[in-house]
Amino acid sequence: MEQQVRVQQLIEDLDYDEPTDEEVEDAYDEAVAAQPEAEGGDDAETPEFDDVRAELEEQLVNERQNEAAQDHVEQLRDEADVETHL
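Residues numbered from 1 in each chain as written. Predicted model: local features only at pLDDT ≥ 70, side-chain atom pairs only at ≥ 80, totals over all residues. Heavy atoms only, no water.

Undergrad: Any chance you could explain the packing of aromatic side chains here in plain terms?
TA: Working definition: an aromatic ring pair is given by the centre-to-centre distance plus the angle between the planes. Under the definition given, this model contains one aromatic pair. For the pair Tyr 28 and Phe 49, a centre-to-centre distance of 5.4 Å together with 75 degrees between the ring planes defines the contact as edge-to-face. Placement of the pair is Tyr 28 in helix H2 (residues 21-34) and Phe 49 in helix H3 (residues 49-79), with a sequence separation of 21 residues. The exposure class assigned to Phe 49 is buried, which follows from its relative accessible area of 17%. (Phe/Tyr/Trp six-rings, centres within 6.5 Å; stacked < 30°, edge-to-face > 60°. Helix = DSSP H or I, 4+ residues; strand = E, 2+ residues; numbered from the N terminus. Buried < 20%, exposed > 50% of the residue type's maximum accessible area, 1.4 Å probe, protein only.)

Undergrad: Could you clarify how one ought to interpret H3 in this entry?
TA: It helps to recall that an α-helix has 3.6 residues per turn; residues three or four apart then point in one direction. The terminal C-alpha atoms of H3, which comprises 31 residues, lie 43 Å apart, in line with the 45 Å expected from a rise of 1.5 Å per residue. Along H3, the sharpest change in direction is near 25 degrees and occurs at Glu 55. Buried residues of H3: Phe 49, Val 52, Leu 56, Leu 60, Val 61, Gln 65, Ala 68 and Ala 69, and no others. Against helix H1 (2-13) and H2 lie the buried residues of H3. (Expected span 1.5 Å × (residues − 1). Bend = angle between axes of the 7 residues up to and from the residue. Contact = heavy atoms within 4.5 Å.)

Undergrad: Before we go on, may I ask you to explain the side chain of Gln 65 in this structure?
TA: By the secondary structure assignment, Gln 65 is in helix H3. Polar contacts involving the side chain of Gln 65 include one to the side chain of Tyr 16, which spans 3.2 Å. Non-local contacts of Gln 65, meaning those with residues more than four positions away in its chain, are made with Ile 11, Glu 12 and Tyr 16. (Polar contact = N/O pair within 3.5 Å; in protein donor to acceptor, adjacent residues only side chain to side chain.)

Pasting the structure below:
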């Protein structure tokens with residue numbers, strides 16, 4: 001459990017850009033465009049932007065944290081001096 005906390009803290013401490021308002025709005029527009037048209041053209045099932053804004057922001061932050069973590073791992077691998085003895 002303690003290792004998970006350490007890894008999560010490391011990921012949160014990595015540098016990444018917070019999503020801008022425009023990026024969050026673009027993510028919303030993409031999600032709405034990806035939804036199939038409701039029968040009869042009724043889009044009442046599409047949530048309002050303000051209702052899903054926090055969720056979209058969190059999703060974008062998670063994506064950026066994952067990308068930053070992958071970049072960090074790649075950097076560590078590039079810098080590592082590993083020898084394999086068989």
